[in-house]
Amino acid sequence: IVPAELETEALVLFELRCGFPQEFDRRVYGDRAPEGWQRHHWPVLAGTLFAGCNLAIRVQPMRLLGGFDDALGPGTPSTSGDDNDIVYRMLVAGHRLAFEPSALMRHHHRRNLPALRRQLDSWGCGTVAFLTKSGRAGRRHRWQALLATGWLFVYQLRRLFATLRPGARRPFPPSLVLVELAGCVRGLWAYRLSERYVRRVRAQER
């Protein structure tokens, strides 16, 4: 996934944040943690290897797992995380995740800073909301989710301190790191709010 353009400050900052995965080797992932990964980070953090804007999922296995979770993703208090969740559940169910470099797409990032802030907030919130949900699926998943959530907060705090350290180069503004970190904090209760939201919507549709 490569940028369609790099004409504004927000577009460049998104790429500095890390953009989207840009590998050039075909890789296949299964139940074992990839080389260099800690076992307790797999597959709950598999979402760092892909992006939902360039993702294909086999329909029948997905339907057998119940499809996308209505309490995750755009339009809910969780704001995102639906792609992380379905890939995680499919990996747990024994399916594989393949990275195909020939499936190239150009992505139109957010062109202005307010839109970029909303996206980073959404990423933080949705990721933690997904981790909160995944921790409900038994003891092993609970510990994985707790460890992954702790790692995520430590990672974001390290990014923040790195930008604030005296003499440090600051290509990525600390304010945007704070936005994503705040989203992570909001994600701690977002999934529960999303569940209530989905129940209300379904009740109104009856």
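Quick look at the structure, then. All values reported here derive from a predicted model rather than from experimental measurement. (Residues numbered from 1 in each chain as written. Predicted model: local features only at pLDDT ≥ 70, side-chain atom pairs only at ≥ 80, totals over all residues. Heavy atoms only, no water.)

One can describe the packing of helix α3 (residues 82-92) onto helix α4 (residues 113-134) by two numbers: an axis separation of 9 Å at closest approach and a directional angle of 35°. Seen along the crossing, α3 lies across α4 with a hand that is right-handed. For the pair formed by α3 and α4, the contact residues are Asn84, Asp85, Tyr88 and Arg89 on the first element and Thr127, Phe130, Lys133 and Ser134 on the second. (Axes fitted to C-alpha atoms, helices over the stretch in contact; angles between N-to-C directions. Helix = DSSP H or I, 4+ residues; strand = E, 2+ residues; numbered from the N terminus. Left-handed = near helix turned anticlockwise from the far one by under 90°. Contact = heavy atoms within 4.5 Å.)

Our focus in this paragraph is the side chain of Ser194. Tracing the backbone through its elements, the reader meets Ser194 in helix α6 (residues 174-205). Reaching out from Ser194, the side chain makes a polar contact with the side chain of Ser78 at a distance of 2.8 Å. Those residues in contact with Ser194, other than ones at most four positions away along the chain, are Ala71, Thr76, Pro77 and Ser78. (Polar contact = N/O pair within 3.5 Å; in protein donor to acceptor, adjacent residues only side chain to side chain.)

Right, let's talk about a nonpolar patch on the surface for a bit. A cluster of nonpolar residues, Val185, Leu188, Trp189 and Leu193, forms a patch on the protein surface that exposes about 350 Å² of accessible area. For Leu193, the position within the fold is in helix α6. Given the relative accessible area of 35%, Leu193 is considered partly exposed. (Patch = residues over 30% accessible without salt bridge, like charges linked within 9 Å, V, L, I, M, F, W, Y side chains within 5 Å. Areas by Shrake-Rupley, 256 points an atom, 1.4 Å probe, with all protein chains shown as cover. Salt bridge = Lys/Arg side-chain N within 4 Å of Asp/Glu carboxyl O. Buried < 20%, exposed > 50% of the residue type's maximum accessible area, 1.4 Å probe, protein only.)

Together, Arg192, Arg196, Arg199 and Arg200 make up a positively charged patch on the protein surface. Taking the relative accessible area as the measure of exposure, Arg192 reaches 54% and is therefore exposed. (Lys, Arg positive; Asp, Glu negative; His and termini not counted. Charge placed at Lys NZ, Arg CZ, Asp CG, Glu CD.)

Another point: the packing of aromatic side chains. Counting across every chain of the model gives 7 aromatic pairs. An angle of 10° between the planes, with centres 5.4 Å apart, marks the rings of Trp151 and Tyr155 as stacked. Remark: Tyr155 and Trp151 occur in helix α5 (residues 139-164); sequence separation between them is 4 residues, near one turn of the helix. Exposure remark for Tyr155: the relative accessible area of 32% places this residue in the partly exposed category. (Phe/Tyr/Trp six-rings, centres within 6.5 Å; stacked < 30°, edge-to-face > 60°.)

Turning to the packing of α4 against α6, a few remarks are in order. The N-to-C vectors of α4 and α6 enclose an angle of 35°; their axes lie 6 Å apart at closest approach. The two elements α4 and α6 cross, and the hand of that crossing is right-handed. Here Leu116, Arg117, Leu120, Asp121, Gly124, Cys125, Val128, Ala129, Thr132 and Lys133 of α4 come into contact with α6, specifically with Leu176, Val179, Glu180, Ala182, Gly183, Cys184, Arg186, Gly187, Leu188, Ala190 and Tyr191. Here the contact of α4 with α6 is built from residues that sort into 12 nonpolar, 4 polar and 5 charged. (Nonpolar A, V, L, I, M, F, W, Y, C, P; charged D, E, K, R; others polar.)

Those residues of helix α1 (residues 9-17) not exposed but buried are Ala10, Leu11, Leu13, Phe14 and Arg17. The buried side chains of α1 occupy one side of the element, clustering within an arc of 165° when seen end-on. Here the buried face of α1 lies against α4, α5 and α6. Where α1 terminates, the next one or two residues include Cys18, which has phi positive at roughly 140°. (Arc of directions from axis to C-beta.)

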